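# Observations on chain architecture
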Amino acid sequence: MEARIIDRFRAVVGKRLITEVAQLRTYECDGLTNFRVLPQAVLLPETSAEVQAIVQICNQEKIPFVARGSGTGLSGGALPVDQGIVISLARMNHILEVDFGNARVVVEPGVINAEVTLRVAPEGFFYAPDPSSQSVCSIGGNVAENSGGAHCLKYGFTTTHVLGLEVVLPDGSLVHLGSTAVDRPGYDLPGVFVGSEGTLGIATKVVLRIVKKPEVIKTLLAAFNSTNEAGAAVSEIIAAGMLPAAIEMMDNLAIQAAEAAVHAGYPDCGGLLLVELDGPSAEVEELTKNVDAICTQCGAWEIRVAQSEAERAVIWKGRKAAFAAMGRISPNYIVQDGVIPRTALPKVLSEIERMSRAEGLRVANVFHAGDGNLHPLVLYDRAIAGQEERAFRLSIDILRLCIQCGGSITGEHGVGEEKKMMMSEMFAEPDLETMQLVRCAFDPGQLSNPGKVFPRLRLCAEKTGPYQPHPLEVAGVAQFF
Amino acid sequence: MSTPLSPRSATVSIETAWDEVRSIVGAEHIVPAKPQDAVDGIGPQMVVEPASQQEVAAVLKTAAVADLRVLPRGAGTKMEWGNPPRAGELILSTRRLNRVLEHAYGDMTATVEAGCNFQQVQDTLSAHGQRIALDPLWPDNATVGGVLAVNESGPLRARFGSLRDLIIGITLVLPDGTVAKSGGKVVKNVAGYDLPKLATGSLGTLGIITQAIFRLHPTPRESRTLTFSTANMTAASQFILAIQSSKLVPTGVQLRTGSSTSCEIDVRFEGTCAGCDCQTDQLLQMASGMTRIDPPGDIWKARETLWNGNSSAAVCKFTLLPTELQSFVERLTVMSVQKQTAWQLVSQAVGLGLLRLETPQPDSLTDVIQALRSVLESRGGSLSILSCPAEVKSKLDVWGSAGDAPPLMRSIKAQFDPRGILNPGRFIAGI
Ligand SMILES: Cc1cc2nc3c(=O)[nH]c(=O)nc-3n(C[C@H](O)[C@H](O)[C@H](O)COP(=O)(O)OP(=O)(O)OC[C@H]3O[C@@H](n4cnc5c(N)ncnc54)[C@H](O)[C@@H]3O)c2cc1C
């Protein structure tokens, strides 16, 4: 990158600019470490105005930029782009306002997810979206990925909890999407921005909704011989008209790994179900009994209800540590994130088992069973020639299976770099073209995290369909709007 | 409000276009418009009723080539919402797109066509004990597409959120005939941009919604409604805020009040019998200063009564921070004295509501709306007009301010509908 441009950046952020190769290495990948690109520079702004000034320079100099929160993303979303810079929001980490009366919190994007709950818990509130990475991931990253978590079954994903945003658009202008109140007139811009994976601009402030803690929480652990039996119990629970706060499932391999890592005391079984019910005490009591009965009926041979907050915490610790725990049972692994209609669960799980056997690679399953969000973990050893490619192929084939069953290639980790080629298998060309219209409206110059999400770049000047630009428009005499 | 300069360059005569539309939908499904088809005084020429999304696409393509402006319509219950269109030659009715395509009850999702009657969809879903957890205005008449286009929601919002929390997939037909799907049939899905949310509340300005996929909720086993009355707005407001910050989980908390009525508060619990019982007990303890009364009729449809009576009134939607409801009502009270305004409101505790305003002269109605709007907007809220006399609409933008977002909204519109043929001028910021 030209020294002149570096100087311009330095004029904005001073010493909070990294250009040393050794230091840049920290930023060359996110949680998906098999993709790596060295950025030209990393900038650490502390204010919206600084972000704006940086993006304005990028716009003038046509330099692509990638926003980065904590770098825990699992789809390569924060992977730098060639010849581009990284804008880290890590230093914009203040909780700006807390309004308990209206259950609103205003935060900077670098605030860590768990810190929001920590801050509001004394008043009996929590921030509901709880990705397993919540102790490290940032709200900005959550917004970009529309992150989920175990409790999203009942409480909704990040998008449900984002009311408003301050955003620096890729042309360097500052714009406010949504508001502190609901239903701002006009297009639902927060709705489009959340989940856009850093491709529509940089969030510099976020208005979040917080939620009252329920009166009672009951966490129940049920051990089955197989994931099929556990899956049948999930269907029965839902069919009985219940909406638990969370329904999570782990197969035997996942249980072994979690046990090795955190000693959660899980029963050694073929399929473990973790059901959490919350709400008014009388209701939770009654529903816990119902869930217990359904699980027994479906073949559960051990059912435990957490007797204290400490017991509950241990149960969750095991579940939340499951990805990282794979390191205990395999040198390498790939985390996938497919979604299927819940009723397809038994079919998909047996098919994954068959594919795993055929490929000779183990697959562990940990998932949000209530909403059909699978996290197959494909275990392999990079040291064995050819295994990594096979593992990658298997993980992609699992996503294909999800698409065939009417599902999705990603439930919460995002498309990013990793799954962009799969977008053409899930969507038809006109679907993708239409999504790109949004991209062109926000970022006609394609500077904000370019090359992610979509299988190819689209030139925004390109007109689709049978229409040609009007001659007056071409001559610059008339403009649309 | 600036009027965009729309280059018109019809390459096909209007007569040829109507012939083409006739051949697409069949002669019996394109009929000359009647006076009652006019939208805010703009009288279209034809009403077209396509039967499939392919037909919608073909009609739109034809319209675009002939520069016919298209006013999409469901059952027509809310055609007066929005600014007057700048023009409109063709009403595209979704009336014949009326099939429930799939109720995947095991997965708790449903795929429906946009012209489906909202209540009929609910009746179909109830066969398996499920529902779309939304209670829009006039469900017996309204279509799913229309409810989506205006982003309508009712009291159930207290627990289940609004349409943006319930819609998981959409099919849109763009003005160039592109049929685009986004989202899908699974409740959790982050593949690509969230166009279901973009289309929700876009008033038909980006494309014609032909299909929508919803996540469903179980129909509750039990439902309890309690109504309380008090003459004191401070007490009413404190009661509502206390419910909001308690551990209760109501599926409706509503305030009904007006210039000549006291405050009535409705609270609903749904779920198991035991859950409803114990929450009712807790609520009654909190309601010590209130008088419990029998609910006067179907109070969960009270919003609809705001349209009853004299057509010289305005009905508006307001949004605000929940804690500001009391000061808003106090301001209304002051205003009703100063400007002789009669008002009536039905407000949901989550921070939005409908307000009916009536003044002796339309001029003062305009002043009152403007004054209320500026108060609400200065605090992050909004006031948009749903229905009002034509004179008021000629003086006021019905939507109010979109802050600093209009340039971005206009560029989205320009990408989706570059020729500006869909509902031109009816939406916010001249869109
Ligand atoms: C062990 C582990 C467990 C996980 N569990 C879950 C889980 O349960 N559920 C889940 O949903 N995810 C999970 N994840 C994935 C990841 O933690 C989430 O995607 C998280 O939201 C990423 O946040 P981050 O701050 O690390 O973002 P990054 O990885 O830094 O960035 C993610 C994306 O956000 C963009 N971005 C970051 N900040 C901004 C901003 N301010 N404005 C615009 N764009 C921005 C980036 O460009 C990038 O595209 C897990 C990851 C790990 C490593």
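Residues numbered from 1 in each chain as written. Chains lettered and ligands numbered in written order. Predicted model: local features only at pLDDT ≥ 70, side-chain atom pairs only at ≥ 80, totals over all residues. Heavy atoms only, no water.

## Let's talk about the overall build of chain A
A count of helical and extended segments in chain A gives 18 helices and 18 strands. Over its C-alpha trace chain A gives a radius of gyration of 23 Å, about what one expects of a compact globule, namely 23 Å for 481 residues. If one aligns the C-alpha atoms of chain A with their principal axes, the spans along those axes are about 75 × 55 × 50 Å. Looking at the 481 residues of chain A, the share that counts as buried comes to 61%. Counting only contacts in chain A whose residues sit at least 6 apart along the sequence, the fraction spanning at least 24 positions is 69%. Positive and negative charge centroids in chain A, built from 42 and 56 side chains respectively, lie 3 Å apart. (Helix = DSSP H or I, 4+ residues; strand = E, 2+ residues; numbered from the N terminus. Rg over C-alpha atoms; globule rule 2.2 N^0.38 Å. Buried < 20%, exposed > 50% of the residue type's maximum accessible area, 1.4 Å probe, protein only. Contact = heavy atoms within 4.5 Å. Lys, Arg positive; Asp, Glu negative; His and termini not counted. Charge placed at Lys NZ, Arg CZ, Asp CG, Glu CD.)

## Notes on the domain arrangement of chain A
Quite often, the size of an interface is put as the accessible area lost when its parts meet. When its domains are assigned, chain A resolves into domain 1 (3-88), domain 2 (95-212) and domain 3 (216-328). Computed over C-alpha atoms, the centres of domain 1 of chain A and domain 3 of chain A are 42 Å apart. (Domains from an automatic or database assignment.)

## Regarding the sheet that holds strand β2 (residues 41-43) of chain A
Residues and elements named next belong to chain A. One open sheet accounts for four strands, arranged β1-β2-β4-β3; its pairing is mixed. Two strands in the sheet have a free side with no partner beyond their single neighbour: β1 (17-18) and β3 (65-68). In this structure, β2 lies alongside strand β4 (residues 85-88), joined through three bridges in parallel fashion. Its bridge partner lying in β4, Val 42 is registered against Val 86. Sheet contacts for helix α3 (residues 48-61): β2, β3 and β4; angle to β4, the most-contacted strand, approximately 165°. (Pairing = 2+ DSSP bridges. Axes fitted to C-alpha atoms, helices over the stretch in contact; angles between N-to-C directions.)

## A closer look at the pairing of strand β18 (residues 373-380) of chain A
Residue and element names in this part refer to chain A. The buried fraction of β18 is high, at eight of eight residues. Across four bridges, the pairing between strand β16 (residues 332-335) and β18 is antiparallel. Along β18, the bridge assignment pairs Val 335 with Leu 377. Counting the residues that bridge the hairpin from strand β17 (residues 363-368) to β18 gives four residues, and of these Gly 372 lies at a positive phi of roughly 70°.

## A short note on the site of the ligand
All names here are of chain A. Residues in close proximity to the ligand total 34 residues, the closest being Ala 67, Gly 69, Thr 72, Ser 133 and Ser 138. Within the contact set of the ligand, an oxygen atom lies 3.4 Å away from a backbone nitrogen or oxygen of Gly 141. Asn 142 is positioned with one of its side-chain polar atoms (N or O) 2.8 Å from an oxygen atom of the ligand. When the ligand is considered free in solution it has 970 Å² of accessible area, and contact with the protein chains removes 94% of it. (Near = heavy atom within 4 Å. Polar contact = N/O pair within 3.5 Å; in protein donor to acceptor, adjacent residues only side chain to side chain. Areas by Shrake-Rupley, 256 points an atom, 1.4 Å probe, with all protein chains shown as cover.)

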